Amino acid sequence: MTPAPEDPLTVDGSAGVTTLRLQRPHRRNALDHTLLERLLSELGAAARRGDAAVVLTGGDSYFSSGGDVGSMPSAADGLFGPASRLALVHEVVETIVRTDVVVVAAVEGYAVGAAWGLVLSCDLVVAADDAFFAAPFAARGLTADAGTAYHLPRRLGPQRAARHLLLGERLSAPAAADAGLVSEVVPAGTATARAGEIAARLAAGPRESNALTKRLAARTHAGLADFLASERVAVALAGQGPDAAEGRAAFTERREPRFT
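Residues numbered from 1 in each chain as written. Predicted model: local features only at pLDDT ≥ 70, side-chain atom pairs only at ≥ 80, totals over all residues. Heavy atoms only, no water.

### Here's the deal with the sheet that holds strand β2 (residues 17-22)
Thinking step 1. Judged by pairing direction, the sheet is mixed, and its 6 strands sit side by side in the order β1-β2-β3-β4-β6-β9 without closing on themselves. The open sheet has two edge strands, β1 (9-14) and β9 (184-186), and neither has a second partner. Neighbour to neighbour, the strand axes of the sheet diverge by 20 degrees on average, direction disregarded. (Pairing = 2+ DSSP bridges. Helix = DSSP H or I, 4+ residues; strand = E, 2+ residues; numbered from the N terminus. Axes fitted to C-alpha atoms, helices over the stretch in contact; angles between N-to-C directions.)

What follows is the structure, given as structure tokens:
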């Protein structure tokens, strides 16, 4: 009997937080079809449960080496073979951005290629002080994927982004933090634990109003009038919810809020 393949994603959940760990050490956590499908499934499950946060980590050595080249469809798989794989990557990226759950990435070692695209999609990023990011697509005669060429020019500016997209230059975690791409830099080996602490803080916070804030933050590229219209709706909704009621009560009673 052929042994069942090991699950490429380990899942651990407690108290409103789900930790998703990429688990393909023999491929440096490279993203293949099965792993991407599992990510998509578990992100959806976290949203349906109403989790406050998801920690996305590759463990204590590295985050991910990017797309698994060995498993990628080729021209032999038909005209739409490569596009189908990319569609799955895009679905994962869009799910991270659109889900009401706050996604916290924990990066040790490196996040390369499509893996950097996943990290750029996350709401918060904790990176080890010796970690780096890279988009080496040009060196392979490829075009950047996983939304990397969408996020980098908007957040770094076109000239700084070109150094990574066209020249493949690495970006260290401290430099990424200075550029606003990483929320916190921590000692090597502690990124996942720190991301878990942040996730636990989110779980103890106002989940519904945080979800609305996340949706607003995703609309910062909209025109001002469209953004302000969305803001009016979000502020009005949040003000009528249980989170706001508890926040007002805690302020009046001079105590810490106890969100549920």
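### Examining the side chain of S121
Thinking step 1. Within the fold, S121 resides in helix α3 (residues 114-121).
Thinking step 2. In terms of polar contacts, S121 uses its side chain to reach the backbone carbonyl oxygen of G117, at 2.9 Å.
Thinking step 3. Residues contacting S121, with those up to four places away along its chain left out, are V93, I96, V97 and H151. (Polar contact = N/O pair within 3.5 Å; in protein donor to acceptor, adjacent residues only side chain to side chain. Contact = heavy atoms within 4.5 Å.)

### Looking at the pairing of strand β3 (residues 53-57)
Thinking step 1. With respect to burial, β3 is a largely interior element, 5 of its 5 residues being buried.
Thinking step 2. Burial of the side chains of β3 extends over both faces: A53, V55 and T57 are buried on one face and V54 and L56 on the other.
Thinking step 3. Taking the sense of rotation as the criterion, the β-α-β connection linking β2, helix α1 (residues 33-49) and β3 turns out right-handed.
Thinking step 4. In the sheet, β3 pairs with strand β4 (residues 102-107) via 5 bridges, with the strands oriented parallel. Following the sheet pairing, A53 is matched in β4 by V102. (Buried < 20%, exposed > 50% of the residue type's maximum accessible area, 1.4 Å probe, protein only. Right-handed = clockwise from strand over helix to strand, strands pointing away.)

### Re the packing of aromatic side chains
Thinking step 1. Applying the stated rule across the entire model yields 3 aromatic pairs.
Thinking step 2. Through a chain of ring-to-ring contacts, three or more aromatic side chains come together here, namely Y62, Y110 and F132.
Thinking step 3. Lying over the aromatic face of F132, R170 brings its terminal NZ or CZ to 3.9 Å of the ring centre. (Phe/Tyr/Trp six-rings, centres within 6.5 Å; stacked < 30°, edge-to-face > 60°. Lys NZ or Arg CZ within 6 Å of the ring centre and 35° of its normal.)

### Some remarks on the nonpolar core
Nonpolar side chains tend toward joint burial in soluble globular proteins.
Thinking step 1. Judged by nonpolar contacts, the single largest core of 48 residues is most densely connected at L39, L56, V107, W116, V119, F133 and L181.
Thinking step 2. In contact with W116, not counting residues within four places along its chain, are A111, F133, A134, A135, L152, H164, L171 and L181. (Core = buried A, V, L, I, M, F, W, Y, C linked by side-chain atoms within 4.5 Å.)

### Considerations on the pattern of salt bridges
Thinking step 1. Evaluated as defined, the whole model comprises 12 salt bridges.
Thinking step 2. For R98, the salt bridge is made with E94, and the minimal N-O distance between the two is 3.4 Å. Of this pair, R98 and E94 both sit in helix α2 (residues 81-98), 4 residues apart, which is roughly one turn of that helix.
Thinking step 3. Two residues, E184 and R194, come together in a salt bridge whose shortest N-O distance is 2.9 Å. Here the residue E184 occupies a position in strand β9, and R194 occupies one in helix α7 (residues 191-203), the gap between them amounting to 10 residues.
Thinking step 4. Ionic contacts of the salt-bridge type, sharing partners, join the residues R24, R27, D32 and D68 into one network. (Salt bridge = Lys/Arg side-chain N within 4 Å of Asp/Glu carboxyl O.)

### Some remarks on the environment of G66
Thinking step 1. Along the polypeptide, G66 turns up in the loop between β3 and α2.
Thinking step 2. Measuring from C-alpha to C-alpha, the distance between G66 and V182 comes to 18 Å, with 116 residues separating the pair along the chain.
Thinking step 3. Leave out the neighbours within four places in its chain, and G66 touches A30, L31, V112, A114 and A115.

### Some details on the environment of C122
Thinking step 1. Positionally, C122 belongs in the loop between α3 and β6 (124-128).
Thinking step 2. By relative accessible area, which is 7% here, C122 ends up buried.
Thinking step 3. Residues C122 and V55, 67 residues apart in the sequence, show an inter-C-alpha distance of 9.6 Å.
Thinking step 4. In this view, C122 contacts L56, I96, V103 and A105; residues no more than four positions away in its chain are not counted.

### Overview of the sheet that holds strand β7 (residues 132-134)
Thinking step 1. Spatial strand order, β5-β7-β8: 3 strands in an open sheet with mixed pairing. Looking at strand neighbours, the two that pair on one side only are β5 (110-112) and β8 (171-172), the edges of this open sheet.
Thinking step 2. Pairing analysis gives 3 bridges linking β5 to β7, with the strands arranged parallel. By the bridge assignment for β7, Y110 is matched with F132.
Thinking step 3. Along the sheet, α3 makes contact with β5, β7 and β8, crossing β5 at roughly 105 degrees.

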